[in-house]
Amino acid sequence: GYGAYRLVIFGAMYGGYSLYYFNRKTFSFVLPALVEEVALDKDALGLITSSQSAAYAISKFISGVLSDQLSARWLFSSGLLLVGIVNVLFSWSSTVAVFAGLWFLNGLAQGLGWPPCGKVLRKWFEPSQFGTWWAVLSTSMNLAGGLGPIVAALMALSYDWRTTLALSGSVCVVASFLCLLLIKNEPSDVGLPNIEPGPKKGKKGSSSDDSTLAELLLSPYLWVLSTGYLVVFGVKTCCTDWGQLFLIQERGQSTLVGSSYMSALEVGGLVGSIAAGYLSDRAVARVGLSQYGNPRHVLLLSMMAGMSASMYLFRVTVTGSSPKLWILILGAVFGFCSYGPIALFGVIANESAPSNLCGTSHAIVALMANVGGFLAGLPFSTIAKHYSWGTAFWVAEMTCSASTVAFFFLRNIRTKMGRVPKKVD
């Protein structure tokens, strides 16, 4: 039945994506040992890491579009295989140019991981379960990010960095074949009725209800989601990248408090992601999805408002003498309220799009989130340079508040993207 297949497929994707994420960070994990053997200056380190980031942003967008055209299981497994091969080749290399080239390829392969997962989840889970499983699957990144440094450190006790990378890559290669065997694109592949009814076929085998890319791009809701995601992801990145410096340089807090704030933010984020998926699924189960509005909007708006409120308190109430517990609480609350919407924007972009374009829809909003992440870098630090970190955080806070208000007024627009069948219209 569905239950057994769901468990196996979800387990394969969870394990596979944990390996994707671990092998995205292996360079960072083995860096202390690597620089002792290979002379790398700061420019070389920046080149290697930036090459991966640029490739990942491009690849994730292309992969989202491809996931609507190609088999999700083949796309996911092929990416994992390529990630493994690149890590093995990296372990045989010794020059900056080869390192950067291989890590660029790793970034390209990394982008093939998440979009197929979203496609498979939508095919195998009811709309009232989709958000929860999406959020739980996203914790594979937290798992790999948290255990990764510990695993790498334990391996470093017995092996050199080259062996660590080669072993890690080899596990990926083996796992890629297991994922190909265990993951199924949709229930009909194993003889079960599809949860999502398939569109009716018209002339020449094309689907009469399939939306075109132009119809998706002309949906105003796609751009409302994209703008909201840009702002939320950008503001979240501001706090994760610059929150420590604000506490240390302008509020006179210690480095320990700064790093503890970051840890609290990530823990809050983990809880927020799962809570957002579960609670919004309860809302969908209660009232269902319709052409206008979305039951997940109430929670999304509440969390965005919570982001603005916690940023205001962080900027105004924290001083050199503030209790450490208060700073940690603010970090955890901000993490909870920012990672929740990040999960929800992905879920809504996927479920609101026509089934033949759900990967493309998610790719577009995710690309806009990357733009937000970029704006949180140099533009944000430039404001801080000319004014102060406090002013820069005030700008982020106002932007988040304005976005929340705008989204509130647009919450009941038509949310079903693409073509609406005539009888439904």
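What you are looking at is a predicted structure, and each value in this text was computed from that prediction instead of being measured.

### Digging into the overall build of the chain
Move 1: Helix and strand counts for the chain stand at 16 helices and 0 strands.
Move 2: Compactness check: the chain gives a C-alpha radius of gyration of 22 Å against a globular reference of 22 Å for 425 residues, within 12% of the reference.
Move 3: Counting only C-alpha atoms, the chain reaches 65 × 50 × 35 Å along its principal axes.
Move 4: The buried share among the 425 residues of the chain stands at 51%.
Move 5: Taking contacts inside the chain between residues at least 6 apart in sequence as the whole, the part at least 24 apart equals 83%.
Move 6: The averaged location of the 20 negative side-chain charges in the chain is 8 Å from the averaged location of its 29 positive side-chain charges.

### Focus: the confidence of the model for the chain
Move 1: Here the chain averages 87 in pLDDT, and 95% of its residues register 70 or above.
Move 2: Residue range residues 200-206 is modelled with pLDDT below 50. Its contacts to residues more than four positions away, or to other chains, number 9 contacts.

### Some words on helix 13 (residues 324-352)
Move 1: Taking 1.5 Å of rise per residue, the 29 residues of helix 13 would be expected to cover 42 Å, and the 42 Å separating its terminal C-alpha atoms lies within 8% of that figure.
Move 2: Burial of helix 13 is extensive: 21 of the 29 residues sit out of reach of the surface.

### Points about helix 8 (residues 161-182)
Move 1: Between its terminal C-alpha atoms helix 8 stretches 31 Å, which fits the 32 Å expected from 22 residues at 1.5 Å a residue.
Move 2: Among the residues of helix 8, those classed as buried are Trp 161, Arg 162, Thr 164, Leu 165, Ser 168, Gly 169, Cys 172, Ala 175, Ser 176, Cys 179 and Leu 180. Seen from one end, helix 8 has its buried residues packed into an arc of 160°, which puts them on one side. Of the exposed residues in helix 8, the ones pointing more than 90 degrees away from its buried face are Val 174 and Leu 181.
Move 3: On the buried face of helix 8, the contacting elements are helix 1 (2-24), helix 2 (26-37), helix 4 (72-91), helix 5 (96-110) and helix 7 (127-158).

### Some remarks on a nonpolar patch on the surface
Move 1: The grouping of Tyr 312, Leu 313, Val 316, Leu 325, Trp 326, Ile 329 and Val 333 at the surface amounts to a nonpolar patch, some 590 Å² of accessible area in total.
Move 2: Those elements giving two or more residues to the nonpolar patch turn out to be helix 12 (297-317) and helix 13.
Move 3: Looking at which element gives the most residues to the nonpolar patch, the answer is helix 13, with 4 residues.
Move 4: Inspection of the secondary structure assignment puts Tyr 312 in helix 12.

### Some points on the packing of aromatic side chains
Move 1: Summed over the entire model, instances satisfying the criterion amount to 26 aromatic pairs.
Move 2: Against the face of Tyr 56 rests Arg 24, its NZ or CZ located 4.5 Å from the ring centre.
Move 3: Note that Lys 236 overlies the ring of Phe 233, its terminal NZ or CZ placed 4.9 Å from the centroid.

### Comments concerning the environment of Gln 249
Move 1: Among the secondary structure elements, Gln 249 is positioned in helix 10 (residues 220-250).
Move 2: Taking the C-alpha atoms as reference, Gln 249 lies 33 Å from Ile 274; in sequence the two are 25 residues apart.
Move 3: Among the polar contacts listed, one links the side chain of Gln 249 to the side chain of Trp 389, at a separation of 3.0 Å.

### Some points on the pattern of salt bridges
Move 1: A complete count under the given rule lists 6 salt bridges for this structure.
Move 2: The partner of Asp 68 in a salt bridge is Lys 119, and the shortest N-O contact between them spans 2.9 Å. With Asp 68 in the loop between helix 3 (42-66) and helix 4 and Lys 119 in helix 6 (residues 114-124), this pair connects stretches of sequence that are 51 residues apart.
Move 3: Of the residues examined, Lys 119 reaches a relative accessible area of 10% and is grouped as buried.
Move 4: For Glu 397, the salt bridge identified is with Arg 315, shortest N-O distance 2.8 Å. On the criterion of sequence distance, the pair formed by Glu 397 in helix 16 (residues 389-409) and Arg 315 in helix 12 is long-range, its members being 82 residues apart.

### So, the packing of helix 12 against helix 16
Move 1: Remark: helix 12 packs on helix 16, axes separated minimally by 9 Å, with the N-to-C direction vectors making an angle of 160°. The angle between helix 12 and helix 16 falls in the class roughly antiparallel. Relative to helix 16, helix 12 is oriented so that their crossing is left-handed. For the pair formed by helix 12 and helix 16, the contact residues are His 297, Leu 300, Leu 301, Met 304, Ala 305, Met 307, Ser 308, Met 311, Tyr 312 and Arg 315 on the first element and Gly 390, Phe 393, Trp 394, Ala 396, Glu 397, Cys 400, Ser 401, Ser 403, Thr 404, Phe 407 and Phe 408 on the second.
Move 2: Among the residues making up the contact of helix 12 with helix 16, the classes are represented as 13 nonpolar, 6 polar and 2 charged.

### Observations concerning the side chain of Gln 52
Move 1: With respect to the helices, strands and loops of the structure, Gln 52 is situated in helix 3.
Move 2: Setting aside residues no more than four positions away along its own chain, Gln 52 makes contact with Arg 24, Trp 103, Phe 104, Asn 106 and Gly 107.

### Re the nonpolar core
Move 1: In terms of nonpolar packing, the biggest core is built from 55 residues, with Leu 225, Val 235, Tyr 261, Phe 345, Phe 380 and Phe 393 touching the most fellow members.
Move 2: Every element with two or more residues in this core is listed here: helix 10, helix 11 (255-287), helix 12, helix 13, helix 14 (358-375), helix 15 (378-386) and helix 16.
Move 3: In terms of residue count, helix 10 provides more of this core than any other element does, 14 residues in total.
Move 4: Sequence-distant contacts of Val 235, defined by excluding residues within four places in its chain, comprise Met 307, Met 311, Phe 334, Ala 396 and Cys 400.
Move 5: Grouped together as the second largest cluster of nonpolar side chains are 30 residues, Val 83, Trp 114, Val 120 and Cys 179 included.

### Section: the environment of Gly 101
Move 1: Relative to the elements of secondary structure, Gly 101 occurs in helix 5.
Move 2: Between the C-alpha atom of Gly 101 and that of Leu 47, which follows or precedes it by 54 residues, the distance is 9.8 Å.

### A few points about the environment of Glu 397
Move 1: Judged by relative accessible area, Glu 397 falls into the buried class, the value being 4%.
Move 2: Residues Glu 397 and Met 311 lie 86 residues apart in sequence; the distance between their C-alpha atoms is 6.2 Å.

Parameters at a glance
Residues numbered from 1 in each chain as written. Predicted model: local features only at pLDDT ≥ 70, side-chain atom pairs only at ≥ 80, totals over all residues. Heavy atoms only, no water. Helix = DSSP H or I, 4+ residues; strand = E, 2+ residues; numbered from the N terminus. Rg over C-alpha atoms; globule rule 2.2 N^0.38 Å. Buried < 20%, exposed > 50% of the residue type's maximum accessible area, 1.4 Å probe, protein only. Contact = heavy atoms within 4.5 Å. Lys, Arg positive; Asp, Glu negative; His and termini not counted. Charge placed at Lys NZ, Arg CZ, Asp CG, Glu CD. pLDDT = per-residue confidence, 0-100. Expected span 1.5 Å × (residues − 1). Arc of directions from axis to C-beta. Patch = residues over 30% accessible without salt bridge, like charges linked within 9 Å, V, L, I, M, F, W, Y side chains within 5 Å. Areas by Shrake-Rupley, 256 points an atom, 1.4 Å probe, with all protein chains shown as cover. Salt bridge = Lys/Arg side-chain N within 4 Å of Asp/Glu carboxyl O. Phe/Tyr/Trp six-rings, centres within 6.5 Å; stacked < 30°, edge-to-face > 60°. Lys NZ or Arg CZ within 6 Å of the ring centre and 35° of its normal. Polar contact = N/O pair within 3.5 Å; in protein donor to acceptor, adjacent residues only side chain to side chain. Axes fitted to C-alpha atoms, helices over the stretch in contact; angles between N-to-C directions. Parallel < 35°, antiparallel > 145°, perpendicular 65-115°, else oblique. Left-handed = near helix turned anticlockwise from the far one by under 90°. Nonpolar A, V, L, I, M, F, W, Y, C, P; charged D, E, K, R; others polar. Core = buried A, V, L, I, M, F, W, Y, C linked by side-chain atoms within 4.5 Å.

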